[in-house]
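Notes for the structure review
What follows is the residue order along each chain.
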Amino acid sequence: MAYSKHILITGGAGFIGSHVVRHFVQKYPEYLIVNLDKLTYAGNLENLKDIESAPNYVFIKGDIVDREMLQQLFARYGFDGVIHLAAESHVDRSILNPLAFIETNIIGTVNLLDAARHSWGDHTAGKLFYHVSTDEVYGSLGETGLFTEETPYDPRSPYSASKASSDHMVRAWHHTYGLPIIISNCSNNYGPYQFPEKLIPLVIHNIKHHKPLPIYGDGQYTRDWLWVKDHAAAIDLIFHEGRNGETYNIGGNNEWKNIDLVEKLCDIMDELLGRAQGSSRQLITFVKDRPGHDRRYAIDASKIKRELGWQPTVSAEEGLRLTAQWYLDNEEWLAHVTSGAYQQYYEKQYRERVQSQ
Ligand code: NAD
Ligand code: TYD
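Attention in this report is confined to the structure presented alongside it. Keep in mind that what you see is a predicted model, and the values were worked out from it rather than measured.

Section: the overall build of the protein chain
Counting its regular elements, the protein chain contains 12 helices and 12 strands. The C-alpha atoms of the protein chain give 20 Å as radius of gyration, which agrees with the globular expectation for 357 residues (21 Å, within 12%). Overall, the protein chain is about 60 × 45 × 40 Å in size when its C-alpha atoms are taken along their principal axes. Here the protein chain holds 357 residues, and the buried ones make up 57% of them. Within the protein chain, contacts between residues separated by at least 24 positions form 83% of all contacts whose residues are at least 6 apart in sequence. When the accessible surface of the protein chain is summed, it comes to about 14,800 Å², and 51% of that surface belongs to carbon and sulfur atoms. Both charge centroids of the protein chain, one from 35 positive and one from 45 negative side chains, sit 2 Å from each other.

Below you can see the structure in the form of structure tokens.
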């Protein structure tokens, strides 16, 4: 079949990437979707089981640090668009092992930019390099204020610094080489298929197994949570209707202090598991803080609403319930991803936190 567009999605076996791949494969049968993923600990083809045999879908295992492979891939598929999500994405891991973040998030992004530039040359009409980034590049907010697209960059963790650096590279390729690009910076996502090293699935998993719920520091840190499928819909809209060279902030307009969010999850889980209300809250354990912990993130998403008509559709109440229920219904998925290497990571990360508190 002749497809109207060939699109490369990187990191499509990860949490957000799998939702984006599924969204595009199902909504656009006229597009060929090529998912390139290294399948690190965070990449899991079980996230895409339901669409793996779709005719307009191809999976390729590969590392974006491998320049030659990328050039061959572009030559083979003649991509019209790239949606770049592949990254090392967990702040705590970036503190333990920053180099992996430099390699994938910075070098890998530059390799992809170069592969697109060489493949497209001066024929950039209808082409787009869409870079998916994070609000963490803007640094940390006090009690008030929101991140806008004009907020100066002030990354403070190895993760956010590597993402900020990749954003700068994407803009440099636009200004210097004329590569058509768009960047979006999104707040914290949650929903099905998120690896249980991140707060929400980690807490759900621990509640289920009657394990302590580790709260870093005083628990007063604030994040703006977005239902992952709303993010996928925003990416679709920006990819098709966003303006070349622009940045769009995406957020949930849904701020929670960590302790309040965890208490809410405890109450939802008690209800779903038929446990006495209040019993899971007893698992809450304050532990040593994350070094350099950003106090508050919150997004002003008025530009994407004004220009493209996007806004979040799922409330916190609904999204948290759906998420908790999904993890309860998908025991096998959770058992697979928490076997082996996850146990070692968890032991190291949290034993030291509790001991040195
Ligand atoms: P994730 O860790 O769940 O998935 C990352 C995926 O990238 C995995 O499938 C992994 O195998 C793949 N990958 C890693 N290194 C690779 C490499 N060298 N080559 C090819 N593939 C590689 O991450 P996520 O939470 O789904 O985040 C996806 C993107 O969205 C990232 O760029 C992240 O910075 C950004 N983002 C995430 C959030 C969030 O809340 N999770 C918020 C805003 C932006
Ligand atoms: P996380 O899900 O790691 O996302 P990010 O650091 O990218 O925002 O963490 C969300 C918040 O929850 C953050 O303030 C750190 C905190 N947190 C805990 O208190 N305990 C935990 O075990 C984890 C993983 C995170």
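A word on the site of ligand 2
The local shell around ligand 2 holds 17 residues, among which E136, R223, R290, H293 and Y350 are the closest. With respect to ligand 2, the side chain of N258 contributes an N or O atom lying 2.9 Å from an oxygen atom. Contact distances for ligand 2 include 2.5 Å between an oxygen atom and a side-chain N or O atom of R290. Taking 510 Å² as the accessible area of ligand 2 by itself, protein coverage stands at 98%. In terms of residues, the shell around ligand 2 owes the most to one element, strand β8 (residues 213–216), which gives 3 residues.

Quick word on the packing of helix α2 (residues 67–77) against helix α4 (residues 98–120)
Contact geometry for α2 and α4: axes closest at 9 Å, N-to-C directions at 35°. In the packing of α2 onto α4, the handedness of the crossing is right-handed. From α2, R67, L70 and F74 reach across to α4, where they touch N111, L112, D114, A115, A116, S119 and W120. When its residues are assigned to classes, the contact of α2 with α4 shows 6 nonpolar, 2 polar and 2 charged.

Brief notes about the pairing of strand β5 (residues 128–134)
Burial runs high along β5: 7 of the 7 residues are buried. On β5, burial covers both faces: L128, Y130, V132 and T134 on one face and F129, H131 and S133 on the other are all buried. The sheet contact formed by strand β4 (residues 81–84) and β5 spans 4 bridges and is parallel. Bridged to G81 within β5 is L128. Examined bridge by bridge, β5 and strand β6 (residues 181–186) share 6 bridges and lie parallel to one another. Paired with T134 across the bridge in β6 is C186.

About the cut-offs
- Residues numbered from 1 in each chain as written.
- Chains lettered and ligands numbered in written order.
- Predicted model: local features only at pLDDT ≥ 70, side-chain atom pairs only at ≥ 80, totals over all residues.
- Heavy atoms only, no water.
- Helix = DSSP H or I, 4+ residues; strand = E, 2+ residues; numbered from the N terminus.
- Rg over C-alpha atoms; globule rule 2.2 N^0.38 Å.
- Buried < 20%, exposed > 50% of the residue type's maximum accessible area, 1.4 Å probe, protein only.
- Contact = heavy atoms within 4.5 Å.
- Areas by Shrake-Rupley, 256 points an atom, 1.4 Å probe, with all protein chains shown as cover.
- Lys, Arg positive; Asp, Glu negative; His and termini not counted.
- Charge placed at Lys NZ, Arg CZ, Asp CG, Glu CD.
- Near = heavy atom within 4 Å.
- Polar contact = N/O pair within 3.5 Å; in protein donor to acceptor, adjacent residues only side chain to side chain.
- Axes fitted to C-alpha atoms, helices over the stretch in contact; angles between N-to-C directions.
- Left-handed = near helix turned anticlockwise from the far one by under 90°.
- Nonpolar A, V, L, I, M, F, W, Y, C, P; charged D, E, K, R; others polar.
- Pairing = 2+ DSSP bridges.

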